[in-house]
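# Structural characterization, general
This is what each chain is made of:
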Amino acid sequence: MTGATAYAGIVTRLSALTVDALALAAVVPLVGTGVPALWSAATGDTPGWLRAGAQLVAAFVPPVYFALCWWGTGQTLGGLLFGTAVRRPDGARLSALRAVARAFAGLAAAPVWLAGMAVTLWDPRRRALHDRLLGTVVQRRL
Amino acid sequence: MTGTPRTTRTPRTTRTPRAVAAAVGFAAQGSEVAVELAGEAARLAAAQARSAADRGDRVLDQLWAYSAERVNAARAQAARKFATAVSAALDAAAGWTEQAVARRVAQDMAPYLIDTLVPQVVDGVMPHIRTAVVPVIIEDLTADERVRAMVAQQSRGMLAAAGGELRRVSADADERVESAVRRALHRRNGD
């Protein structure tokens, strides 16, 4: 930690990530199968294009969710709960491009993302590997 | 004696009227002076009398006011003493009543009230309270904006407290994990 700004550590960040994962685990299946199921209940059959489209949309829900949250307020649902926010090192909000890159990078290489969290244990600003690569920090608001 | 000059003598009859006239004149002037002096003296006496009368009136007014003030003070003091005495008497009477009468009556009536009267009243009233009173009270409470605001505020306060506690616990866990890692790394470096 440097100065008056507090940064979130590994426990807080993984806890917030768990909350987000649980929320997405509830929402993604709902999007992927809910709409086709409703269509099937109404017409008796589900067209293939609808099933494929719903699954495609469901696949994009997590990156869109993370990107929008980090771009808008810097806080996902887990971040709100644990009082963390993703910011630039100078405290500014993330640009849309950086937020999208962070979201897709995290989801495309989730094991690397999680392994890179270990870097927070000795980084002065508790930055993970992806934070160093993408120029972000995770601030904590107690 | 023929040559003896004769002296002309004024006849007594002519000198006397002059003296009388002078005397009368003096007397008249004296009387006028006396009248004027008497008038002046009378005016002074009247002024003194009026002044004395005014002073007397003022003295009487002051005396009256002082007397009235003393009477009022005495009356107020008497009223206070009377009120104090009445209050003390009432307190004493109330204490005696409580000790001697009310407590005994309550002790004697308590078993009857608890065992008989109150259960009967409760049994008779409760159905009416359940069906008619409680729903109205609940409806009033739920419709009251102040109660709603209070409940919402308490809920927000509980959520905020829970969130704050969660954040504090996670921050402590961060510190502990990092301390453990630092200790392990130092130990390994020391080996």
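Basis of the calculations
- Residues numbered from 1 in each chain as written.
- Chains lettered and ligands numbered in written order.
- Predicted model: local features only at pLDDT ≥ 70, side-chain atom pairs only at ≥ 80, totals over all residues.
- Axes fitted to C-alpha atoms, helices over the stretch in contact; angles between N-to-C directions.
- Helix = DSSP H or I, 4+ residues; strand = E, 2+ residues; numbered from the N terminus.
- Parallel < 35°, antiparallel > 145°, perpendicular 65-115°, else oblique.
- Left-handed = near helix turned anticlockwise from the far one by under 90°.
- Contact = placed C-beta atoms within 7 Å.
- Nonpolar A, V, L, I, M, F, W, Y, C, P; charged D, E, K, R; others polar.
- pLDDT = per-residue confidence, 0-100.
- Core = buried A, V, L, I, M, F, W, Y, C linked by C-beta atoms within 7 Å.
- Buried ≥ 20, exposed ≤ 12 C-beta atoms within 10 Å, placed from the backbone.
- Pairing = 2+ DSSP bridges.

Moving on, we get to the packing of helix α1 (residues 10-43) of chain A against helix α2 (residues 48-72) of chain A. Residues and elements named next belong to chain A. Interaxial distance between α1 and α2 falls to 9 Å at its minimum, and their mutual angle equals 160°. Taken as axis vectors, α1 and α2 run roughly antiparallel relative to one another. The handedness of the crossing between α1 and α2 comes out as right-handed. Counting all contacts with α1, which are made through Leu24, Val27, Val28, Val31, Gly32, Val35, Pro36 and Trp39, the residues of α2 involved are Leu50, Arg51, Ala54, Gln55, Val57, Ala58, Val61, Pro62 and Tyr65. Among the residues forming the contact of α1 with α2, the class breakdown is 14 nonpolar, two polar and one charged.

All right, on to the confidence of the model for chain B then. Confidence in the prediction for chain B averages 85 pLDDT; 90% of positions are at 70 or higher. For this predicted complex, the interface confidence comes out at an ipTM of 0.81, alongside a pTM of 0.55.

Residue and element names in this part refer to chain A. The biggest cluster of nonpolar side chains holds 13 residues, and the ones touching the most others in it are Phe66, Ala67, Trp70, Val86, Ala99, Ala103 and Val138. Looking at this core, the elements with two or more residues in it are α2, β2 (84-87), α4 (96-108) and β3 (137-140). Other than its neighbours up to four places away in sequence, Ala103 contacts Pro63, Phe66, Ala67 and Trp70.

All names here are of chain A. Read across the sheet, three strands follow the order β1-β3-β2 without closing on themselves; strand pairing throughout is antiparallel. Of all the strands in the sheet, the pair left with one neighbour each is β1 (6-7) and β2. In this sheet, β3 lies alongside β1 in antiparallel orientation, the contact comprising two bridges. Bridge pairing links Ala6 to Arg140 in β3.

At the junction of the two partners, chain A supplies 11 residues and chain B supplies 11 residues. Those elements that provide at least two residues to the side of chain A that touches chain B are α1 and α3 (77-82) of chain A. The element contributing the most residues to the side of chain A that touches chain B is α1 of chain A, with four residues. Of the residues in the side of chain A that touches chain B, the class split is six nonpolar, four polar and one charged.

All names here are of chain A. Positive phi outside glycine occurs at Arg126, with the angle close to 55°. Tracing the chain through its elements places Arg126 in the loop between α5 (110-116) and α6 (129-134). On the neighbour-count criterion, Arg126 (25 C-beta atoms within 10 Å) is buried.

When two helices pack together, their arrangement is given by the angle between the helix axes and the distance between those axes. All names here are of chain A. Axis separation between α2 and α4 bottoms out at 8 Å; the angle between their running directions is 140°. Overall, the two elements α2 and α4 adopt an arrangement that is oblique. Relative to α4, α2 is oriented so that their crossing is right-handed. Contact residues: α2 offers Pro62, Pro63, Phe66, Ala67, Trp70 and Trp71, while α4 offers Ala96, Ala99, Val100, Arg102, Ala103, Phe104, Gly106 and Leu107. Each residue belonging to the contact of α2 with α4 can be placed in one class, and the counts come to 12 nonpolar, one polar and one charged.

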